[in-house]
Structures are given as structure tokens and as C-alpha cells.
Amino acid sequence: MGKYVTKRVGQMIVILFLISIFIFLLISFIPGDPVYAMLGEEVSAETYERVYQELNLDKPVVYRYFVWLGNALRGDFGQSTQFHRPTVELLMERMPVTLYFTFLSFFISIPVGVLLGVLSAVYRGKPIDTVVTLLANITACLPQFWIGILLLYVFAMKWSLLPSFGFTWPWEDFGNSVRTTIMPLFCLAIGGIASIARQTRSSMLEVIRQDYIRTARSKGLKERKIIFIHALKNALIPVITLFGMRLGLLVGGSMFMETVFAIPGMGSLFVKAITSRDIPVVQACVLVTALISCMVNLITDILYAVVDPRIKYE
């Protein structure tokens, strides 16, 4: 296990190194002069010269990259050209909001999706299977931003039951926090519930046909124990892969939800940085998202052995 984790961490470092090169070259991909592209054509000569020096554009590309990488490893991603603040301060303010919604929706979608998938598989061909499968197939195809706009129209504009924008932490105002969280959380969780339910149903249908399940039934074990102890544990291997993919998608894909509901998270910051060509913020958001995704994939691989002791790492 130790050798495997070390090897995976090494691979993760290589991947992040390659991603960092691509992220840095974003400046080179901007058409024309990067400073004018970021600040506009009407920028003063003093501001132009200051930003030009900050970006080290008078230095060779290789030198600029290693300077930027060294600063990034120390937590210095430069100064935001849009907010005129250190980029790391913006990330420290916005990231907790994104992670709050990400983990909250993640830990809601897992038990609900697994439970619906198990029920659908156990009662295959019954009305509950038809309803779960139909709803899962429909919601899995609906775009997240479309669901958000629909909820805004119905619950905020039409019925005026929920606020249409903003976010409040639970310890600041619990009632308002619940009201501002319901719609964004539903948008993030509904897709995960649908995909997990479909994958769990497929895995369970394959497992419950195995010989050891029939043997367990012939020994007189209770059906609940057979399903949740013997069948579900063996069916979770492909579902765990989906867990990791889903968590990575939630971190990177929260920009749609945060933009629709005007939530001050990292996703909305990313969108604003792209539209305003705030390169330091774009670079920091992409690098942080890549780091979180790599860590999630590593944890997912380790969980395989926890669920199935037959899996050995070499």
C-alpha cells in the first residue's frame, strides 16, 4: 500500500507540473498584447508599465514560468487585475463557500442515490423501479443551469418563497442560510443522485445474480442482510469510481450554479476572471481545481481496498 500511494503521489506531482505549464502559457495564448487584453486599450502608460513588469513580460518565457511556479508553491499567485487584491486572498474568501456546497451536495447525493439504486434493483420490474429509472434518466440529462433558472422562476419570481440570490453562513443566520441554500443545493445534488442511482442499480443487478448470493439465500440469511452486507459491498466498486468523478465535477462545475444564484464562490470568481481576462485569478482557480481533482482520485483509489479487501496494491 505504501509503495502504491508513493507512486500515485509521484504521478500526481507530474500531472500537476504539466498542468501548471499549460496554465502559465495562458498568457501566451491571449491574442495581441497581454496587458492590453487584460486592461483594455485605454490603459495609462504608467499602469501598462507596472502590469508589464508584474507579469515579467520583459523576461524569457522559461524564466517567467519558474518565477511564477516558485511564487505559486509559496501561495503567491500574483495580484488580481480586476479586484486589485492578492489572488490568494480572493481564493481564501471564495473557496470555503464552494467547498460548503460541494461537500453538502456530495454527502446528500451518495446515500440517496445508493438507496434508490438498491431499491430499483431489488424490485426490478416493479412500479418503484420504473419511477426511479424514469426520473434518474430524465434528471441526468437536464443541464444544471437550466434547472437553476427553472427553480428561480417558480420559487423566487412566481411564488416568492425563496431568495433569488446571495448566500449566508448557517452560524450567521440559520433561517436565511437554509432559504438561500435550498435551490443551489438541489441543483448540485439532483444530477449526482441520478447518476449514482443508475450506476448502483446496474451494479446491484449484476451482483445479485452471482452464486454466492443464491448460496446466502439458501442458508436462510435475512434478505436485508444479503442485500446490504453481501451484495451492496461488492457492488460498490464501480460506484466508488463515480463518487470520485462526481466530487471532482462538483468542485469544477460549481460555476454554473454560483453564476445563476449569484453566490460568492470560487466558480463565480472563475467566471468573472475569464470574462475580464484576469489571468492571475484564472491561473490560480485552474491550478487549485486540478489539485483537488488529483487528490480526490488518489483517495478514490485507496478506498477500493477498504471496500474490497481482495484488491491488493503493488
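Residues numbered from 1 in each chain as written. Predicted model: local features only at pLDDT ≥ 70, side-chain atom pairs only at ≥ 80, totals over all residues. Heavy atoms only, no water.

Draft legend 1. Region of interest: the overall build of the protein chain. Tallying secondary structure elements over the protein chain gives 13 helices and zero strands in all. Counting helices and strands in the order they occur from the N terminus, the protein chain gives α-α-α-α-α-α-α-α-α-α-α-α-α. Seen through its principal axes, the protein chain has C-alpha atoms that stretch 85 × 60 × 35 Å. Sequence separation of 24 or more characterises 70% of the internal contacts of the protein chain that already satisfy a separation of 6 or more. When the accessible surface of the protein chain is totalled, it reaches about 17,100 Å², and 67% of it is carbon and sulfur. With 28 positive and 21 negative side-chain charges, the protein chain shows a spacing of 18 Å between the two charge centroids. (Helix = DSSP H or I, 4+ residues; strand = E, 2+ residues; numbered from the N terminus. Contact = heavy atoms within 4.5 Å. Areas by Shrake-Rupley, 256 points an atom, 1.4 Å probe, with all protein chains shown as cover. Lys, Arg positive; Asp, Glu negative; His and termini not counted. Charge placed at Lys NZ, Arg CZ, Asp CG, Glu CD.)

Draft legend 2. Inspection of the packing of aromatic side chains at higher detail. Under the definition given, this model contains 15 aromatic pairs. Pairing F155 with W159 gives two aromatic rings, centres 5.6 Å apart and planes at 90°, and the pair type is edge-to-face. Between W169 and W171, the aromatic rings sit 4.9 Å apart at their centres with planes inclined by 10°, giving stacked as the arrangement. Looking at W169, the relative accessible area reads 18%, which means it is buried. Chaining the aromatic ring pairs together yields one cluster made of F17, F24, Y65, F66 and W68. (Phe/Tyr/Trp six-rings, centres within 6.5 Å; stacked < 30°, edge-to-face > 60°. Buried < 20%, exposed > 50% of the residue type's maximum accessible area, 1.4 Å probe, protein only.)

Draft legend 3. The arrangement of the confidence of the model for the protein chain in detail. Predicted confidence across the protein chain gives a mean pLDDT of 84, with 94% of residues reaching 70 or more. Mean pLDDT across the elements of the protein chain ranges from a minimum in helix α2 (residues 26-29), with 68, to a maximum in helix α6 (residues 87-122), with 91. (pLDDT = per-residue confidence, 0-100.)

Draft legend 4. Molecular detail of the pattern of salt bridges. Under the defined criterion, the tally for this structure stands at five salt bridges. For R85, the salt bridge goes to E89, with nearest N and O atoms at 3.6 Å. Residue E89 is classed as partly exposed on the basis of its relative accessible area of 38%. As a salt-bridge pair, R85 and E93 come within 2.5 Å of each other at their nearest N and O atoms. (Salt bridge = Lys/Arg side-chain N within 4 Å of Asp/Glu carboxyl O.)

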